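What the coordinates show
Next come the chains, spelled out residue by residue.
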Amino acid sequence: MKSTTRLINCDSFSQDEEISQLKTINPPIFRGSTVLFDSFEDLTLASAGEYKGITYGTDRLPTQRLFEEAIRELEGGALTRTFPSGISAIINTLLALTECGDHILLCDNAYGPTARFCTEILTKYNIQTTFVPPASGREIETYIQNNTKLIFLESPGSNTFEIQDIPAITALAKKREIVTVLDNTWATPLYLDAFALGIDVSIQSVTKYISGHSDVLMGTATTNQKYAEKLEQFYRILEIYTPEEDCYTALRGLRTLPLRLRQHEQSALEIARWLESLAIIEHVIHPALPSHPQHHIWKRDFSGSSGIFAFVFNQEYEQEKLAGFVNSLQLFGIGYSWGGFKSLITVGKYNRSQKSEYSGKTIVRLNIGLEEPVDLIKDLESGFELLR
Ligand SMILES: *Cc1c(COP(=O)(O)O)cnc(C)c1O
């Protein structure tokens, strides 16, 4: 055999009994487009759709399957599928569960790109979206039309953290055969049991707390039994692919999720309470504080809070002053996304289609990382000095 051919065929590991039996604590990362069949007979079965094993790189390689099973179990759902980002999980869930002519309800405080997908893309397929108030409950009924097929919730919602009355909404959705989808990224499955509250599909931006280290973009959608087949089929036909390396990294993050989340929760609460005591601040928007407008619902439905919340100053500062404050911070990175070990800050105004108490107000959002709260407080305190 020529050396070139020998190089192509140096796969002795695949026959090595010892290697195939080797047990590391973490699973191996499989990289592959082609999956080799043992025989012509297996190939024939695969072509007929009857092969029992994995047939191709997009047929969900083992590390992905392992991660999906871990999330499925944690969520308590029937089926989980992973996506190459959180927004991809949202977009594909919406596409899988709607048809031309449908109408959907979307809470007004949903993640911006979710709303944008509904208004800019779903409309192309004659799927119309109505925005409902960010703290909706039973009164969501008044927005339901004959062709309403899906209700999309995010609780607490992005940036303004209003909470929806999920059980009230799922109860009336069930009566009308309307599918309910929840973006459950803020609480993770640890702090909100979506299925116990009647939700049909729970979505996670794995990018946030589950991966936890700001180095992965990934998402999951988990369904109950009723919608499992629909999502499974859609996923299989689209051959959506999530890199195995990312599944591996996310699975590693998942192991420490409870510990990290508990720390994020404690630190964020400590800082939120401190902020609430300052004269410079009008409102701290944190669901676990009794001052939050839907605190009673949070207390009823959630078993914990995470590390991201917001506040509003007691006056509107000029851009220059705000810039001075934000740029002065030493420990808070200026950037999107959250759920990682590093504290972050974003500042913005969020226009809602419905009237909101935060209309026109500058919202400062803090992602509290894993630093010591005392240091973060010192950092914020020196920033506030520039505003006083
Ligand atoms: C970040 C985020 C997403 C999207 O996740 P990506 O992985 O960044 O696409 C979806 N929902 C919420 C609530 C988020 O904060």
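Use the structure listed above.
Described below are features of the structure shown in this document. Because the structure is a prediction, the values reported are computed rather than measured. (Residues numbered from 1 in each chain as written. Predicted model: local features only at pLDDT ≥ 70, side-chain atom pairs only at ≥ 80, totals over all residues. Heavy atoms only, no water.)

**A word on the site of the ligand**
Condition: The criterion for a residue being near a molecule or strand is simple. One of its heavy atoms has to lie within 4 Å of it. Two N or O atoms count as a polar contact when they lie within 3.5 Å, although within protein this holds only if one can serve as hydrogen donor and the other as acceptor, and sequence-adjacent residues are included solely when both atoms are side-chain atoms. A 1.4 Å probe and the Shrake-Rupley method give the accessible areas. Residues count as covered only by the protein chains that appear here. Helix and strand assignments follow DSSP, with helices taken as H or I runs no shorter than four residues and strands as E runs no shorter than two, numbered in order from the N terminus. The residue classification treats Ala, Val, Leu, Ile, Met, Phe, Trp, Tyr, Cys and Pro as nonpolar and Asp, Glu, Lys and Arg as charged. All others, Gly included, are polar.
Residues in contact with the ligand amount to 14 residues; listed here are only the nearest, G86, D183, S205, T207 and K208. Within the side chain of D183, an N or O atom sits 2.6 Å from a nitrogen atom of the ligand. Between the ligand and K208, the relevant distance is 2.6 Å, taken from an oxygen atom to a side-chain nitrogen or oxygen of the residue. Look at the ligand: alone it shows 380 Å² of surface, and the protein chains cover 91% of it. It is helix α5 (residues 86–97) that contributes the most residues to the shell around the ligand, three residues altogether. Among the residues making up the shell around the ligand, the classes are represented as six nonpolar, five polar and three charged.

**Side note on the pairing of strand β11 (residues 344–348)**
Convention followed: Exposure is judged per residue with a 1.4 Å probe applied to protein chains only, and the accessible area is read against the type maximum: over 50% gives exposed, under 20% gives buried, and values in between give partly exposed. Two strands are counted as paired when DSSP detects at least two bridges linking them.
Of all five residues in β11, four are buried; the element is thus mostly enclosed. Relative to β11, strand β10 (residues 333–334) runs parallel, the two being bridged by two bridges. From the neighbouring strand, G333 faces β11, where its bridge partner is L344. Of the pairings in the sheet, the one linking β11 to strand β12 (residues 363–367) comprises five bridges and is antiparallel in character. Of the residues in β12, the one forming a bridge with G348 is I363.

**Focus on the sheet that holds β12**
One open sheet accounts for five strands, arranged β8-β9-β12-β11-β10; its pairing is mixed. One side of each edge strand has no neighbouring strand; the edge strands of this open sheet are β8 (281–285) and β10. For strand β9 (residues 308–313) and β12, the ladder comprises four bridges, and the chain directions are antiparallel. Bridge pairing in β12 places F311 opposite V364.

**Thoughts on the side chain of T220**
The test is simple: Contacts are residue-level and defined by heavy atoms, with any inter-residue pair within 4.5 Å sufficient.
Structurally, the position occupied by T220 is in strand β7 (residues 219–223). Relative accessible area serves as the criterion here: at 0%, T220 is assigned to the buried category. Beyond its immediate sequence surroundings of up to four residues, T220 is in contact with F67, I71, T80, R81, T82, F83, A89, S202, I203, Q204 and V206.

**Here we look at the packing of aromatic side chains**
Under the convention used in this document: Ring geometry is summarised as follows: Phe, Tyr and Trp rings, the Trp one being its six-membered ring, pair when their centres sit within 6.5 Å, and such pairs are stacked at plane angles under 30 degrees, edge-to-face over 60 and tilted between the two. Think of it as a cone above the ring: NZ of Lys or CZ of Arg counts as a charge over the ring if it is within 6 Å of the ring centre and within 35 degrees of the ring normal.
For the structure on display, the rule yields eleven aromatic pairs. Both rings, one in Y209 and one in W338, keep their centres 5.5 Å apart while their planes meet at 70°; by these two values the pair is edge-to-face. A residue pair is termed long-range when its members are at least 10 positions apart, and Y209 in the loop between β6 (201–205) and β7 and W338 in the loop between β10 and β11 qualify at 129 residues. The exposure class assigned to W338 is buried, which follows from its relative accessible area of 12%. A connected cluster of aromatic rings, assembled from ring pairs, spans W274, F311, F313, Y317, F325 and F384. Positioned over the ring face of Y235 is R81, at 5.8 Å from the centre of the ring. In this structure, K208 packs its charged tip against the face of Y111, placed 5.5 Å from the ring centre.

**Quick look at the sheet that holds strand β3 (residues 128–132)**
The condition is simple: Here, axes are lines fitted to C-alpha atoms. For helices the fit covers the stretch in contact, and angles between N-to-C directions go from 0 to 180 degrees.
A sheet is described by the order of its strands in space; here seven strands give the open sequence β1-β7-β6-β5-β4-β2-β3, paired in mixed fashion. Looking at the sheet topology across the chains shown, the edges are occupied by β1 (79–83) and β3. Shown here is a sheet whose adjacent strand axes are inclined to one another by a mean of 20°, direction ignored. Two elements, strand β2 (residues 103–107) and β3, share five bridges in a ladder whose sense is parallel. In the strand pairing of β3, C107 is matched with V132.

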